Amino acid sequence: MDIVIAAAVLAVGLMVAAALYAKRGSGQAAEANARATADVDAALRERRAEIVRIEERILGKEESLDNQRADLSRRERSLEERAAALDREVASVADRRAEYEHALERLAGVTAAQAKQMLLKDLEDDVRHESAKLVRQIEEETKRDADRRVRNILSVVMQRIAAGHATETTVSVVQLQSDDMKGRIIGREGRNIRALENLTGVDFIIDDTPNAVVLSGFDGVRREVARLTLEKLLQDGRIHPARIEEMFYQAKSELEEHIQEQGEEAVFEAKVQGLDPELIKLLGRLKYRTSYGQNVLAHSVECANLAAMMAHELGASPKTARRAALLHDIGKAVSHEVEGPHALVGGDIARKYGEPEAVVHAMEAHHNEVEPQTVEAVIVQAADALSGARPGARGESLEQYVRRLRELEQIATRHDGVDKVYAMQAGREIRVMVAPSAVDDDAATLLSHAIAREIERELEYPGQIKVTVIRESRAVEYAR
C-alpha cells in the first residue's frame, strides 16, 4: 500500500508541473505538454497494473505460508500425542515387567540378583567340571600305553647299571710335611709362587691352613697339572723358577699320557670301537670336568650303557645310541676355547673326525638345540636325564637345597584352599593338602596342573618334580 501512495503522489506532482509549464508556454508547447502528459498517464497505468500483480503474488504467498503453518501445527500436535502414548506404553510395559519379576521371585523364593548369581555359579561349575574331566581323560589316554612300557625299560636299566661318582670341586689340596715348606714355595719376594701361577694358570692359596696348599681353578686339567708340578717339586726339594718350569713341562707330559689312558679306558668300558684318537683324548679330558658335582666322563660312560639298553628294548640301533651317548658331552672338553652351546660344539667336533651323521644329530639334539628327528636322539636325551636325575649323582649346596624347598612351598601355599604343603624326597616331590570344603575333586586336578606349570616357569631344578594334591574328608565320632 505504501507503494501505491508513493505512485499517486508522484503522479500529482507531475500533473502540477505540467500545468504550470503549460501556462507559461506557447501553443506548441501546450501540445507537447499534452503528449507528455499522455505518456506519463500511460506509464502510471502500466506501473499501477504491475503493482497490482505484485500485491496479488504477495497475498498468495502469505496464504500459502499460513496453510503450511497450520499443517505443521497439526503435525506437531500429532507427534506430541504419539510420544505421550508411547511413554504411557513404556511405563505400562515396565510396570508389567516389574509385576512379572515380583511374581517370579515369589514363586522361586529368590531375588533376580540371587538367581543371576546362581546361574553364573552353575555355569562356572559346569565349565570347571568339563575342563577337569578333559584333563583327566588326556592324562589317562597318554599314560595308559606309556606307563607300563616305561616302567619295564627303566627297571631293567636301573637293575643292570650302578656306577660310582666322586664329587669334584674347583679346588685341589696338596699336603705338606711341615709349614716351613710354605715359605720355600712362596720364594724370595714371591718369585716362586708367581712362576707357578704364571705357568699353570692356577691360583696357589697359601694361608693359615696347617700343612696344606690349596690350588684353585675352574679348569680341572690345569689344576691337575699344577698339583703334579707342586708334588714333584716337594719330592725333589729344589724350588726355584728354573726347576719349576722343568717340573711343569714334565707334569704336563705325564698328564697328557694319563688323559689318553683315561679316554681309552672309558671307550673300553662303554664298548665303543673305532673312535678317532683325538676324540679319545678329548674324552680323557672330561675326567677333569664336573657338572653339578658329577664327573662328566663317568656320566658319559653311564649314559652310553643306559642308552644301549634302552635302544635294545625299543628296537633302535644300540651302536648309534651308545656312541652318541658316550660323545654327547665332548663339547665340554673345549667349551672354554670355542663359543657356542656344548651340544653344537660337540657335534661339530664329531663331524670333523668322521662320525656318522646319525651320531652327530643325536649329540646335537640332547639339549634340544636341534629338534630330535630319530629314536636314538630321544634315547640319548632320556639317558642324559636319567644319569643326572639319579639321587646322589649330582651334588648341590645346602643353601640351594633349602632355598628350592622354601620356594616350592611358597608356590603351593599361595593358592586358595591350600591347607598344608610338604616338600619331600629332597625336593623331588611336593604334597599339597587342601581343605575339602573349599576344593572339590575337579578343582584338585586343576590345582595340581597349575602348581606344576608355575614351578616350571619360576624354578630351575634338575630332573622333574612330582606334584601331588591330596583332598581328604574325615568323619569322626566317639562311642561313649
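Residues numbered from 1 in each chain as written. Predicted model: local features only at pLDDT ≥ 70, side-chain atom pairs only at ≥ 80, totals over all residues. Heavy atoms only, no water.

(A) Structural context of the overall build of the protein. Secondary structure assignment for the protein yields 15 helices and eight strands. Residues counted as buried form 32% of the 480 residues belonging to the protein. Taking as baseline every contact in the protein between residues at least 6 positions apart, the subset at least 24 positions apart corresponds to 61%. Working note: accessible area of the protein is about 30,700 Å², and carbon and sulfur atoms make up 52% of it. (Helix = DSSP H or I, 4+ residues; strand = E, 2+ residues; numbered from the N terminus. Buried < 20%, exposed > 50% of the residue type's maximum accessible area, 1.4 Å probe, protein only. Contact = heavy atoms within 4.5 Å. Areas by Shrake-Rupley, 256 points an atom, 1.4 Å probe, with all protein chains shown as cover.)

(B) Here's a closer look at the sheet that holds strand S1 (residues 171–175). The strand order S1-S3-S2 describes an open sheet built from three strands, whose pairing is antiparallel. On the outer flanks of this sheet lie S1 and strand S2 (203–205), each paired with one strand and no other. Within the sheet, the average angular offset between the axes of one strand and its neighbour, ignoring direction, is 25°. Judged from the three bridges that link them, S2 and strand S3 (residues 212–216) form a sheet pairing that is antiparallel. Counterpart to Ile205 in the pairing with S3 is Val214. (Pairing = 2+ DSSP bridges. Axes fitted to C-alpha atoms, helices over the stretch in contact; angles between N-to-C directions.)

(C) Spotlight on the sheet that holds strand S6 (residues 418–424). Taken in spatial order, the three strands line up as S6-S7-S8 in an open sheet, and their pairing is mixed. The open sheet has two edge strands, S6 and strand S8 (466–471), and neither has a second partner. For this sheet, the mean inter-axis angle between neighbouring strands, taken without regard to orientation, is 20°. Across six bridges, strand S7 (residues 429–434) lies against S8 in parallel orientation.

(D) Region of interest: the confidence of the model for the protein. Per-residue pLDDT for the protein averages 80, and the proportion of residues at 70 or more is 83%. Within the protein, no element has a lower average pLDDT than helix H1 (residues 2–24), which sits at 59, and none a higher one than helix H12 (residues 357–364), at 91. Between residues 162–168, whose pLDDT stays under 50, and residues either more than four places distant or in other chains, the model counts 13 contacts. (pLDDT = per-residue confidence, 0-100.)

(E) Structural detail: the pairing of S7. Pairing analysis gives six bridges linking S6 to S7, with the strands arranged antiparallel. Residue pairing for S7: Val418 is matched across the bridge by Val434.

(F) Main features of the nonpolar core. By size, the foremost hydrophobic cluster in this structure holds 40 residues, and its most contacted members are Val267, Leu275, Leu283, Leu326, Ile330, Met363 and Ile379. Elements that contribute at least two residues to this core include exactly helix H7 (241–270), helix H8 (277–285), helix H9 (296–314), helix H10 (318–327), helix H11 (342–352), H12 and helix H13 (375–389). Setting aside chain neighbours within four positions, we find Met363 in contact with Ala324, Leu327, His328, Ile330, Ala343, Gly346, Gly347 and Ala350. The next biggest cluster of nonpolar side chains, apart from the first, holds 19 residues, and it includes Ala412, Val418, Ala444 and Ile455. (Core = buried A, V, L, I, M, F, W, Y, C linked by side-chain atoms within 4.5 Å.)

(G) Spatial organisation of the packing of H11 against H12. At their nearest, the axes of H11 and H12 sit 8 Å apart, and the two run at 165° to each other. With respect to H12, the axis of H11 lies roughly antiparallel. Both H11 and H12 take part in a crossing whose hand is right-handed. Residue-level inspection shows Ala343, Leu344, Gly346, Gly347, Asp348, Ala350 and Arg351 of H11 in contact with H12, the latter providing Glu357, Val360, Met363 and Glu364. (Parallel < 35°, antiparallel > 145°, perpendicular 65-115°, else oblique. Left-handed = near helix turned anticlockwise from the far one by under 90°.)

(H) Structural detail: unusual backbone geometry. Even without being a glycine, Asn211 presents a positive backbone phi close to 55°. Along the chain, the position of Asn211 falls in the loop between S2 and S3.

(I) View of the packing of H10 against H12. Viewed as axis vectors pointing N to C, H10 and H12 meet at an angle of 50°, and their least axial separation amounts to 9 Å. Considered as vectors, H10 and H12 are oriented oblique to each other. Relative to H12, H10 is oriented so that their crossing is right-handed. On H12, the residues that touch Thr320, Arg323, Ala324 and Leu327 of H10 are Ala358, Val359, Ala362 and Met363. Looking at side-chain class alone, the contact of H10 with H12 contains six nonpolar, one polar and one charged residues. (Nonpolar A, V, L, I, M, F, W, Y, C, P; charged D, E, K, R; others polar.)

(J) Fine view of the environment of Leu459. In this fold, Leu459 is placed in the loop between helix H15 (441–458) and S8. Sequence separation between Leu459 and Glu407 is 52 residues; the distance between their C-alpha atoms is 7.9 Å. Residues in contact with Leu459, not counting those within four places in the same chain, are Glu407, Leu408 and Ile411.

(K) Structural context of the pattern of salt bridges. Following the criterion strictly, the structure yields 20 salt bridges and no others. When the shortest N-O distance is used, the salt bridge between Arg74 and Asp71 registers 3.2 Å. On the criterion of helical spacing, the pair formed by Arg74 and Asp71 is a turn pair, its members being three residues apart in helix H2 (residues 27–108). Note on Arg74: relative accessible area 46%, which makes it partly exposed. The exposure class assigned to Asp71 is partly exposed, which follows from its relative accessible area of 27%. (Salt bridge = Lys/Arg side-chain N within 4 Å of Asp/Glu carboxyl O.)

(L) Examining the environment of Glu197 more closely. Counting through the fold element by element, Glu197 comes out in helix H5 (residues 191–200). Sequence spacing of Glu197 and Ala226 is 29 residues, and the spatial spacing of their C-alpha atoms is 8.4 Å. Residues within four places of Glu197 in sequence aside, it is in contact with Val202, Asp203 and Phe204.

(M) Representation of H8 within the structure. For H8, the set of buried residues is Leu279, Ile280, Leu282, Leu283 and Gly284. Where H8 is buried, its residues meet H7, H9, H10 and H11. For H8, the side-chain oxygen to backbone nitrogen distance between the N-cap and Glu278 is 2.9 Å, and the N-cap itself is Asp276. (Polar contact = N/O pair within 3.5 Å; in protein donor to acceptor, adjacent residues only side chain to side chain.)

(N) Spatial organisation of H10. With eight of 10 residues buried, H10 lies mostly within the body of the structure. All of the buried residues along H10 are Thr320, Ala321, Arg322, Arg323, Ala324, Ala325, Leu326 and Leu327.

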